[in-house]
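Examining the three-dimensional arrangement
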Amino acid sequence: MTVVTLTEAQERIMTTVASRPLAAFRTDNPRQVDLVFAHTVVTQNKIREVHEDYLGTFHRDNLHVARKVFRENAESLRAAA
């Protein structure tokens, strides 16, 4: 996967299950995230290293958390601009 809008990210997260979650990373655009499969070696390394752009790992059962995180991230990026 790759950079998607927040709406697209939420739609993709809605289709995932806990055993196949997606990880979201911040981009320079507050209306987009980099959405990738959470269980790849590269993604697991980024998560383990607490990558500065890591927003969280999400699936349909915690979509409400993803929405909150995306909203807070967008607001903080807009405030910094």
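Description of the structure in this document.

What counts and how
- Residues numbered from 1 in each chain as written.
- Predicted model: local features only at pLDDT ≥ 70, side-chain atom pairs only at ≥ 80, totals over all residues.
- Heavy atoms only, no water.
- Helix = DSSP H or I, 4+ residues; strand = E, 2+ residues; numbered from the N terminus.
- Contact = heavy atoms within 4.5 Å.
- Pairing = 2+ DSSP bridges.
- Axes fitted to C-alpha atoms, helices over the stretch in contact; angles between N-to-C directions.
- Core = buried A, V, L, I, M, F, W, Y, C linked by side-chain atoms within 4.5 Å.
- Buried < 20%, exposed > 50% of the residue type's maximum accessible area, 1.4 Å probe, protein only.
- Salt bridge = Lys/Arg side-chain N within 4 Å of Asp/Glu carboxyl O.

Quick notes on the side chain of T43
Its location among the elements puts T43 in helix α2 (residues 41–48). Excluding its chain neighbours within four sequence positions, the residues that come into contact with T43 are A23, F25, V36, F37 and A38.

Observations concerning the sheet that holds strand β1 (residues 3–5)
The strands making up a sheet associate through backbone hydrogen bonding, with each pair oriented either parallel or antiparallel. Taken in spatial order, the 4 strands of this open sheet run β1-β3-β2-β4, and their pairing is antiparallel. At either margin of the open sheet sits one strand with a lone partner, and together these are β1 and β4 (54–58). Neighbour-to-neighbour, the strand axes of the sheet open up by a mean angle of 35°, direction not taken into account. The pairing of β1 with strand β3 (residues 32–37) spans 3 bridges and is classified as antiparallel. When the bridges of β3 are listed, T5 appears paired with Q32. Along the sheet, helix α1 (residues 6–14) makes contact with β1, β2 (22–26), β3 and β4, crossing β1 at roughly 100°. In the packing of α2 onto the sheet, the strands contacted are β2, β3 and β4, and the crossing angle to β2 comes to about 55°.

Describing the nonpolar core
Counting residues in each nonpolar core, the largest one holds 14 residues, and the members touching the most others are I13, V33, L35, F58 and F70. Looking at this core, the elements with two or more residues in it are α1, β2, β3, β4 and α3 (63–80). Considering every element that reaches this core, the biggest residue donor is α3, with 4 residues. Ignoring any residue separated from it by four or fewer positions in sequence, one finds V33 in contact with T2, V3, V4, L6, A9, F25, T27, L55 and F70.

Looking at the environment of A18
Here A18 lies in the loop between α1 and β2. Between the C-alpha atom of A18 and that of N62, which follows or precedes it by 44 residues, the distance is 8.7 Å.

Things to note about the environment of R20
Checked against the element boundaries, R20 lands in the loop between α1 and β2. Separated by 25 residues in sequence, R20 and N45 place their C-alpha atoms 17 Å apart.

Digging into the pattern of salt bridges
Under the counting rule described, the total for this entry stands at 2 salt bridges. Where D53 meets R26, a salt bridge forms, and the shortest distance between an N and an O atom there is 3.8 Å. One end of the pair, D53, is in the loop between α2 and β4; the other, R26, is in strand β2, with 27 residues separating them in the sequence. Take R26: its relative accessible area is 28%, and that puts it in the partly exposed class. In this structure, K68 engages E72 in a salt bridge whose closest nitrogen and oxygen atoms are separated by 4.0 Å. Residue K68 and its partner E72 are both found in helix α3; the two are separated by 4 residues, about one turn of the helix.

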